[in-house]
Amino acid sequence: MADPTVEQARALSRHEGAARFAFNQGLRLHLNARRASADAATAAVSDGIGAVRVPWTGFDLINAFNAWKKTEVAGRRFVIDGSGVAQLEVTGLAWRSEVSAQVFEEAVVDLGKALGAWTDSRAGKRAGRAVGHPRFKKKNPERGSFRMRNKTSRTKTGVRSTIRLGENGPRSVTLPGIGAIKVHDDTRRLRRMLASGRARILFATVARRGGRWRISLNVQAADLYPSARHQPRDGADHGGWAGVDRGLHAPVVVALADATQTVRVDEAPKGLRAAQPVTRRMQKAVSRKIKGSQNRRAAVRRLARHHERVRARRHHFLHQVSNLLVKTHDRLVIEDLNITGMLANHRLAAAISDAAWGQLARHLRYKQTWRGGQVLVADRWFASSKTCSACQDVKTTLTLAERVFHCENCGHTIDCDLNAAVNLATWGEQHHPQVLDPEARGQVTNAHRREGSGRRTRADENQPGRRGNPHRHRGIGTSEKDAADHPTKRLIDRL
């Protein structure tokens, strides 16, 4: 969470608007080129109309935008000399020097990724739901983001990065073109890893939600210390799997294949339902205000802050549960739930959305990857709730109102959530060869190695040749592939 000054907040808003402008202008250039290419294809060859190159990738869009921002279409003015003669002067995008050029580049790179996802989805190369065509972004005073890369340069004092930590106190982050911004969280752990060479900042993402700014640093870092990682298992060991059942009555129930319940969370904050009266009152206050008035904008800001508090409360609970599970279990089995299909049930849609099952699964995957554990996703059509964990008989008449599972075949009686978790653990032992999880998006990437010859830093060392206390620092791992065509895995360290 950032705490910028008034001048810095204006600079952040300026960079956010520049990112939105670059994305929209890049999309406009792309669409114009596609129309021109279609017109050139239908024209006769004798007309002398050549083929028009359409920018699709991020690099092509960067070149197209850089060429456009210096043209007369981007900006011009008339200059009148002393004799009264007016001359046309091409200025291009006159305000482009007020923001960092990286903001323009990263925005059009995101556009290139969106276009690539759209084309792959149409060609059947992308799994999952169909991806729509990128649309123009509208101005939203409560939401927005931009990204900056971390560039390094050699100076007389050593290597200097454009994104730095701790220049204006231990709780500060320095961004290029903006300066040192104060943050609420301490950056000491990350600064120590940067100083020892165990981490390297790739880029920073600055986002605004609910009237507050947040800075996320994407870091390529070393693996966690061996003491914080799970002990590797033998390939022939098929046991140790724990099934994770996610539900509405009991948010999380974890059990082993022998019906031993290890973790049970009976209550969740249910932030959306608890905040529903306040949400309804604030939404009515917004609807009663005149559109375009200052009162309406103030009411919208209050509503956005309220939604952000609900979101933060939910994510705090999810982080607590996921941390507990990955610290106590090295092998987890989760269900591949059809959450989109479940949301079609309007009686349960609000409760399912508030439970955030998909977000919990994402937390378990990348956090378990950091710790060297395994996550297996059970088949979507596996009836974990309706199958008896004792005799494997399927009870097709089970309803959501039944909280105790009673098998009509063998007479086994067990809690429904516990029964589903046991079935998932058994499924994991039977389908052990299917690990690694196809949704884990690859292995953990090691830290950036030093260039040149010499001994490398080991996993349990702070510096080459110096072993550190494993409990003194907690290393930071990497998770999923992120934006801007960077081939590295990412870690988001919230500041």
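For the structure itself, consult the block above.
Residues numbered from 1 in each chain as written. Predicted model: local features only at pLDDT ≥ 70, side-chain atom pairs only at ≥ 80, totals over all residues. Heavy atoms only, no water.

**Student:** Where do I start with the packing of helix α6 (residues 276-287) against helix α7 (residues 294-328) in this structure?
**Tutor:** In a packed pair of helices, the relevant descriptors are the angle between the two axes and the axis-to-axis distance. It is at 9 Å that the axes of α6 and α7 come closest, and there the two elements cross at 160 degrees. What the angle tells us is that α6 and α7 run roughly antiparallel. Considering how the two elements wind past one another, α6 and α7 form a crossing that is left-handed. Touching Val278, Thr279, Met282, Gln283, Ala285, Val286 and Ser287 of α6 are Arg296, Ala299, Val300, Arg302, Leu303, His306 and His307, all from α7. Considering only residue class, the contact of α6 with α7 consists of seven nonpolar, five polar and two charged. (Axes fitted to C-alpha atoms, helices over the stretch in contact; angles between N-to-C directions. Helix = DSSP H or I, 4+ residues; strand = E, 2+ residues; numbered from the N terminus. Parallel < 35°, antiparallel > 145°, perpendicular 65-115°, else oblique. Left-handed = near helix turned anticlockwise from the far one by under 90°. Contact = heavy atoms within 4.5 Å. Nonpolar A, V, L, I, M, F, W, Y, C, P; charged D, E, K, R; others polar.)

**Student:** Which parts of the structure should I look at to understand the pairing of strand β9 (residues 179-183)?
**Tutor:** Side chains on a regular strand alternate between the two faces of the sheet. Direction of pairing for strand β1 (residues 2-3) relative to β9: antiparallel, over a ladder of two bridges. When the bridges of β9 are listed, alanine 2 appears paired with valine 183. (Pairing = 2+ DSSP bridges.)

**Student:** What am I meant to see in the sheet that holds β1 here?
**Tutor:** The strands making up a sheet associate through hydrogen bonds between their backbones, and the pairing can be parallel or antiparallel. The four strands are arranged β1-β9-β8-β7 in an open sheet whose pairing can be described as antiparallel. Bordering the open sheet on either side are β1 and β7 (164-165), each of which pairs with just one other strand.

**Student:** Would you take a moment to explain the pairing of strand β2 (residues 76-80) for this structure?
**Tutor:** Within β2, only zero of the five residues are buried, which leaves it mostly out in the open. As consecutive antiparallel partners, β2 and strand β3 (residues 86-90) are separated by five residues, and within that stretch glycine 84 has a phi angle of approximately 90 degrees, a positive value. (Buried < 20%, exposed > 50% of the residue type's maximum accessible area, 1.4 Å probe, protein only.)

**Student:** Can you walk me through the sheet that holds strand β13 (residues 252-256) in this structure?
**Tutor:** Ordered in space as β14-β13-β12-β15-β16, the five strands form an open sheet in which the pairing is mixed. If you trace the sheet from one side to the other, it starts and ends with β14 (261-265) and β16 (374-378), each paired once. The mean angle between the axes of side-by-side strands here comes to 20 degrees, regardless of whether they run parallel or antiparallel. Inspection of the sheet shows strand β12 (residues 242-246) paired to β13 by five bridges, in the antiparallel sense. Counterpart to alanine 242 in the pairing with β13 is leucine 256. Running over the sheet, helix α10 (residues 357-370) touches β12, β13, β15 (331-335) and β16 and is turned about 155 degrees from β15.

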